[in-house]
Amino acid sequence: MNAHSRRVWILLAGAMLTVTATRTMAAGPAAAPAAQSTATPAPAAPAAAATPPCEACHGAHGEGMEAAHVPRIAGQTAEYLKKQLDDYASGARDNPIMSNFAKALSEQQRAKFAARYAAMTAPHVAAAQTAGAAQLVRGHQLAYQGDETRRVQACNACHGPDGIGVAHAAPYLAGQSAEYLASALKTFHEGTRKNDAGELMRSVAARLNDADIAAVSGYFASIRFDRSTH
Amino acid sequence: MAQRLKEVDVVVIGVGMVGSIVAKELAAAGYKVVGLERGQPRFTVPDFQSPGVHDELRFDIRKALMQDNTREPVTFRNQGSQVALPVRRWESFLPGTGLGGSMVHWNGQTYRFQANDFQLATRTRERYGKDFLDPDVTIQDWGVTYDDLEPHYDRFEYLLGTSGKAGNIKGKIQPGGDPHESPRSRDYPTPPQKEHFQGALFRKAAASLGYHPFPQPSSNLSQPYTNPEGMKLNACVFCGFCERYACEHYAKSVPQTVILPVLLANPNFELRTGCQVQRINLDSTKKHATGVTYIDAVGREFEQPASLVITSTFAINNVRMLLLSGIGTPYDPATGQGVVGRNYAYQTMSTVASFFDDDIIINPFMASGASGTLINDFAGDNFDHGGLGFIGGAFIGAVNTNGRPIQYHPVPPGTPNWGKGWKQAVVKHYNHTVMFSLHGSSVSQRQNYCDLDPTYKDAWGQPVLRITFDFPPNDIKMAAYVTAKGVEIGKAMGAKQVAGSPRKGPYTVTQYQTTHNTGGTVMGDNPKTSVVNRYLQSWDVPNVFVIGASNYPQNASWNPTGTLGALTYWAIDALKNKYLKNPGRLVSA
């Protein structure tokens, strides 16, 4: 486990405690817009029965939690979200926290939550811009052009113009948490994440080094992209 | 005045698939090799990246990857009595240009020919008698056998990483593969691509009629693959932009993805792009080549001396290179004498369209260039031709490669060609139609040939190639017969309406068919009926080798690239192990 993932567990463990706490308290008024909150999870919505467990970490609007590597899921396609939940449930994608949640859900519930977040729009979390100018240039190059010396094709070839995603095919990357993107690329790079069709992401990520992973993650995170305007 | 350059061991004309492989092998063997490519250098990154690479107007309609026919056209006519005119828009066939050659825009359909094909004249006589064929048909044996080529087919398929399912390994029939194929030494390097819905419908219907469906061998790969050269390829994403396009994903096997980086890293090799070779130079005996003369991109003329010249340009351009250089006797259809330009053949393409109701959803756009399902039951000599009056056949398959909006709009016969009625029919049928391709063989015939045009010249002042071609009656009969079989399969699929379009004459250059031009520098055992010997060495000038589909004495029922790859490695084997050890004729005339 690397330093990144250790930090994730700590933050997510905190988030889960918060879920438990809010449920115990049987909840107060509706949450403030999640966009104003970055480091702490959005408070849960009132009715415990109607509150998806996703909220504690992914936010009431699916905006994610940058610092904890928790991806933004608002407006990601239902097909993609459902596949990830199914893969967590089956073990095809491995993450102890998500697997626990997904396994506890019926297939119908997984489809319901996927559809719910796919329909959401969420303002962007104002995360600190961490990528430097050189990193953004390199990230842009990988996104638009790829790198012949590494035999890596452009990210946008699959993930769409500006990385805004392609329905039925590839999730959006634009506006995604840099921390999440970097950790996802690392799991593909290491080959520990295996739920990509045709090993497409493993093939690409295997040829990216740490600096390129940081650059391309920072680049996509820097794009302000709102699914509702596309 | 040409500037004379320092002599090298080998000059390779055309750095496409053949040129890349030959140059790589000879450079690795220690020879100094110069590759002359008329087009631009280009690589997956940055040249093939999306969204630009999927520009249908640019690539499909305006043929951006093809030979520049404003500078270097061909002329065409159906009959020797006609005046040939320049082909100003590529339609019927699409010769590529640029580093990587035509293979950059191929579909990845990677077949072997069958043992019978290489001895077609002999086997036809044996099975059907010597008077079976029209006397104008000039089919002949290749001078090599399938067994000669098998190791080289194998090597080529493993270079590409071809995805498929063997049907016959060392004589043992393999379930799920093509039972008609000639024995292969081992299975394909990677498993078949996923079957699309059209393929599944076809497979069930064909099997119900007692045929033998199998997955199309594809060099758009089903999974990541590292080839024996150390090149890593990715899995195909079924984007539906293979043919006429370059692949942005490192998933299609082309020189850029399978061999060029290895070649370019070898200091024994030098690539020169933008170089238009004018001719192969001969000494005063006309029996020995001294090198080539070329003009570079800014118009400077150079002479590149070399001990060995290999012409590995697109098939018809190989023919022209020999004619421009005065190598070999040009073919004369009036007398039947001469060899260069003789036995030009093509491919006889027919189609069957099966129209379904709205509840059958095809999604034709989810495809690769070779992700289909097909049968060989009516290909080659896999069925009895006795009493049919023709030889050859076609594979029949649901092998549609795309659903691109400008190019793909199947409509039933009787639909208006334009306007509201046409638009309504396109909307109705786009997603509910299965297209079969019937990929037919092409016999060579006395009247079909290539020569230099007496009137038209290219941008460098050299005569352009003239093609004289029409479909032989043999092939028209074949197309009609096989199309009827395809229609039966369409009906067995349960289609509401099935429309068969057997290929009919006259041949037209204004309608896309295939880029499978063959012949003109035919290989064989007899210098009176072939341009090169069985090792692809010129009979007339032994230090010139000609490698291309131009070597095929006639064309078989399958796409030609697999066989060309096998011939390439076969010729390399002869070059490395025979010719270069002791330069001279490899076969006595």
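Rules of the game
Residue indices follow the written sequence of each chain, beginning from 1 at its first position. All chains are assigned letters beginning with A, and all ligands numbers beginning with 1, in the order in which they are written. Totals for whole chains, interfaces and linings use every residue, but because this is a predicted model, local features are given only for residues with pLDDT of at least 70 and side-chain atom pairs only at 80 or more, for both listing and counting. The rule for pairing is simple: two strands pair if DSSP sees at least two bridges between them. Put simply, DSSP H or I for four residues or longer makes a helix, DSSP E for two residues or longer makes a strand, and each gets a number counted from the N terminus. Placing a C-beta atom from the backbone of each residue, one calls two residues in contact when those atoms lie within 7 Å. A fitted line through C-alpha atoms serves as each axis, taken over the contacting stretch for helices, and the angle formed by two N-to-C directions is quoted from 0 to 180°. pLDDT measures the predictor's confidence residue by residue and takes values from 0 up to 100. Nonpolar cores are built from buried Ala, Val, Leu, Ile, Met, Phe, Trp, Tyr and Cys residues. These are joined into a set through C-beta atoms within 7 Å. Here a residue counts as buried when 20 or more other C-beta atoms fall within 10 Å of its C-beta, as exposed when 12 or fewer do, and as partly exposed in between; the C-beta atoms come from the backbone. These domain limits were set by an automatic method or by a database of domain assignments. Gly is placed with the polar residues, together with every amino acid not listed as nonpolar (Ala, Val, Leu, Ile, Met, Phe, Trp, Tyr, Cys and Pro) or charged (Asp, Glu, Lys and Arg).

Novice: What should I look at first to understand the sheet that holds strand S18 (residues 433-440) of chain B in this one?
Specialist: By way of backbone hydrogen bonds, the strands of a sheet pair with one another, either parallel or antiparallel. Residues and elements named next belong to chain B. What the six strands build is an open sheet, ordered S8-S16-S17-S18-S15-S21; its pairing is antiparallel. Looking at strand neighbours, the two that pair on one side only are strand S8 (214-215) and strand S21 (497-501), the edges of this open sheet. When strand S16 (residues 373-375) meets strand S17 (residues 394-398), the two strands line up antiparallel, connected through three bridges. Each bridged residue has a counterpart across the sheet, and for Thr 373 the counterpart in S17 is Ala 398. Relative to S17, helix H7 (residues 197-208) is tilted by about 125 degrees, and along the sheet it contacts S16, S17 and S18.

Novice: Is there a simple way to think about the confidence of the model for chain B in this case?
Specialist: Close inspection of predicted coordinates is inappropriate for parts of the model with low pLDDT. Summarising the model, chain B shows a mean pLDDT of 97, and 100% of its residues fall at 70 or more. Scored as a whole, the predicted complex attains pTM 0.92, and scored at its interfaces, ipTM 0.87.

Novice: Is there a simple way to think about the sheet that holds strand S20 (residues 463-468) of chain B in this case?
Specialist: All names here are of chain B. Taken together, the four strands give an open sheet; going across it, the order is S5-S4-S20-S19, and neighbouring strands pair in mixed fashion. One side of each edge strand has no neighbouring strand; the edge strands of this open sheet are strand S5 (85-86) and strand S19 (449-457). The pairing of strand S4 (residues 74-77) with S20 spans four bridges and is classified as parallel. Within S20, the position partnered with Val 74 by the bridge is Leu 465.

Novice: Sorry if this is basic, but what is going on with the nonpolar core here?
Specialist: Nonpolar side chains in soluble globular proteins tend to end up buried together. All names here are of chain B. The biggest cluster of nonpolar side chains holds 211 residues, and the ones touching the most others in it are Val 12 and Ile 396. Per-element tally for this core: the top contributor is helix H13 (residues 561-579), with eight residues. In this view, Val 12 contacts Gly 19, Val 22, Ala 23, Val 33, Gly 35, Leu 36, Ile 310 and Ser 312; residues no more than four positions away in its chain are not counted.

Novice: I tried to follow the domain arrangement of chain A on my own but got confused; where do I start?
Specialist: Interface size is often expressed as the accessible area that is lost when the parts come together. Taken as a whole, chain A is organised into domain 1 (1-42 + 54-74), domain 2 (76-119) and domain 3 (133-229). Contacts between the two partners involve five residues from domain 1 of chain A, matched on the other side by five residues from domain 2 of chain A.

Novice: Could you clarify how one ought to interpret unusual backbone geometry in this entry?
Specialist: Glycine aside, negative phi is the norm for most residues, and most peptide bonds take the trans geometry. In this structure, the amide linkage connecting B:Val45 to the following residue, B:Pro46, adopts the cis form with an omega of 5 degrees. If you trace the backbone, B:Pro46 turns up in helix H2 (residues 44-47). For A:His69, which is not glycine, the phi dihedral falls at a positive 65 degrees. Positionally, A:His69 belongs in the loop between helix H2 (55-58) and helix H3 (78-90).

Novice: Honestly, the interface of chain B and chain A in this entry has me stumped. Any pointers?
Specialist: Across the boundary between the two partners, chain B contributes 16 residues, which contact 15 residues of chain A. In terms of residue count, the dominant contributor to the side of chain B that touches chain A is H2(B) (three residues). A class-by-class count of the residues in the side of chain B that touches chain A yields eight nonpolar, six polar and two charged.

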